[in-house]
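Results of the structural survey
Here is what each chain is made of, one letter per residue.
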Amino acid sequence: MSHGEVYSAVYLTSVEFQKHRDTDIFDDDFCIHAIAVRGGRVSESELENLSLRVISKTLDKNIKSFINQLQRHLKESDNYGEGVGNGMLYGRTFYNRSEIVRKTLWFFFERKFQPLSVD
């Protein structure tokens, strides 16, 4: 990465992406192996929601297993809470209890219309 270059997303994949074989991470043949990760930035007083989004509706077994294990870990851990703001999407959002203290939580730093509230 060059100085000043910024990425807006990171992708977790269950197989290696190869430019000579895979034309795009969003292609139907490859996206079953990928999760898009956005956000997660933090400042002294603010915290941005970290979003993990499955790209395909038909995931491969390794990605599905990873998601299930991550959700199980977050639900069982006393370090994490679940539910911010209103609605189904925000109700399934996890947060680190110690990181949220005295910070404003935003869905995206670029769109600071209304902060999310911890339920």
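A short tour of the structure in this document, coming up. In this text the structure is predicted, and so the values were computed from the model without any measurement.

Some remarks on the environment of Glu82
Note that Glu82 resides in strand S5 (residues 80-82). Between the C-alpha atom of Glu82 and that of Phe94, which follows or precedes it by 12 residues, the distance is 4.4 Å. For Glu82, the residues in contact, after removing those within four places along its chain, are Lys75, Gly91, Arg92, Thr93, Phe94 and Tyr95.

Here's the deal with the environment of Ile100
Looking at the element boundaries, Ile100 is found in the loop between strand S6 (94-96) and strand S7 (104-106). For Ile100, a relative accessible area of 13% puts it in the buried group. Considered as a pair, Ile100 and Glu46 are 54 residues apart in the sequence and their alpha carbons are 8.5 Å apart. Every residue in contact with Ile100, bar those within four places of it in the chain, is listed here: Leu47, Tyr95, Leu105 and Val118.

Thoughts on a nonpolar patch on the surface
A cluster of nonpolar residues, Leu12, Leu50, Leu52 and Phe66, forms a patch on the protein surface that exposes about 330 Å² of accessible area. The topology assignment puts Phe66 in helix H2 (residues 61-76).

Some remarks on unusual backbone geometry
Backbone geometry at Arg102 places phi at a positive 60°, although glycine is not the residue there. The residue Arg102 is located in the loop between S6 and S7 in this model. Residue classification places Arg102 among the exposed positions, given a relative accessible area of 78%.

A short note on the packing of aromatic side chains
Throughout the structure, instances matching the rule amount to 3 aromatic pairs. Pairing Tyr11 with Phe26 gives two aromatic rings, centres 5.8 Å apart and planes at 90°, and the pair type is edge-to-face. Here Phe26 lies in the loop between strand S1 (10-13) and helix H1 (28-31) and Tyr11 lies in strand S1, a separation of 15 residues in the sequence. With a relative accessible area of 29%, Tyr11 lands in the partly exposed category. On the accessibility criterion, Phe26 (37% relative accessible area) is partly exposed. Between Phe17 and Phe30, the ring centres sit 5.2 Å apart and the planes meet at 85°, which makes this aromatic pair edge-to-face. Separated by 13 residues along the polypeptide, Phe17 in the loop between S1 and H1 and Phe30 in helix H1 bring together distant segments of the chain. The exposure class assigned to Phe30 is buried, which follows from its relative accessible area of 3%.

Structural notes on a negative patch on the surface
On the surface, Asp24, Asp27, Asp28 and Asp29 cluster together into a negatively charged patch. Mapped onto the elements of the fold, Asp28 is located in helix H1.

Describing the pattern of salt bridges
Here the structure, examined in full by the defined rule, presents 4 salt bridges. Measuring nitrogen to oxygen at the nearest pair gives 2.8 Å for the salt bridge that ties Asp22 to Arg21. For Asp22, a relative accessible area of 10% puts it in the buried group. Connected through shared salt-bridge partners, Arg41, Glu48 and Glu110 make up one network.

Conventions we followed
- Residues numbered from 1 in each chain as written.
- Predicted model: local features only at pLDDT ≥ 70, side-chain atom pairs only at ≥ 80, totals over all residues.
- Heavy atoms only, no water.
- Helix = DSSP H or I, 4+ residues; strand = E, 2+ residues; numbered from the N terminus.
- Contact = heavy atoms within 4.5 Å.
- Buried < 20%, exposed > 50% of the residue type's maximum accessible area, 1.4 Å probe, protein only.
- Patch = residues over 30% accessible without salt bridge, like charges linked within 9 Å, V, L, I, M, F, W, Y side chains within 5 Å.
- Areas by Shrake-Rupley, 256 points an atom, 1.4 Å probe, with all protein chains shown as cover.
- Salt bridge = Lys/Arg side-chain N within 4 Å of Asp/Glu carboxyl O.
- Phe/Tyr/Trp six-rings, centres within 6.5 Å; stacked < 30°, edge-to-face > 60°.
- Lys, Arg positive; Asp, Glu negative; His and termini not counted.
- Charge placed at Lys NZ, Arg CZ, Asp CG, Glu CD.

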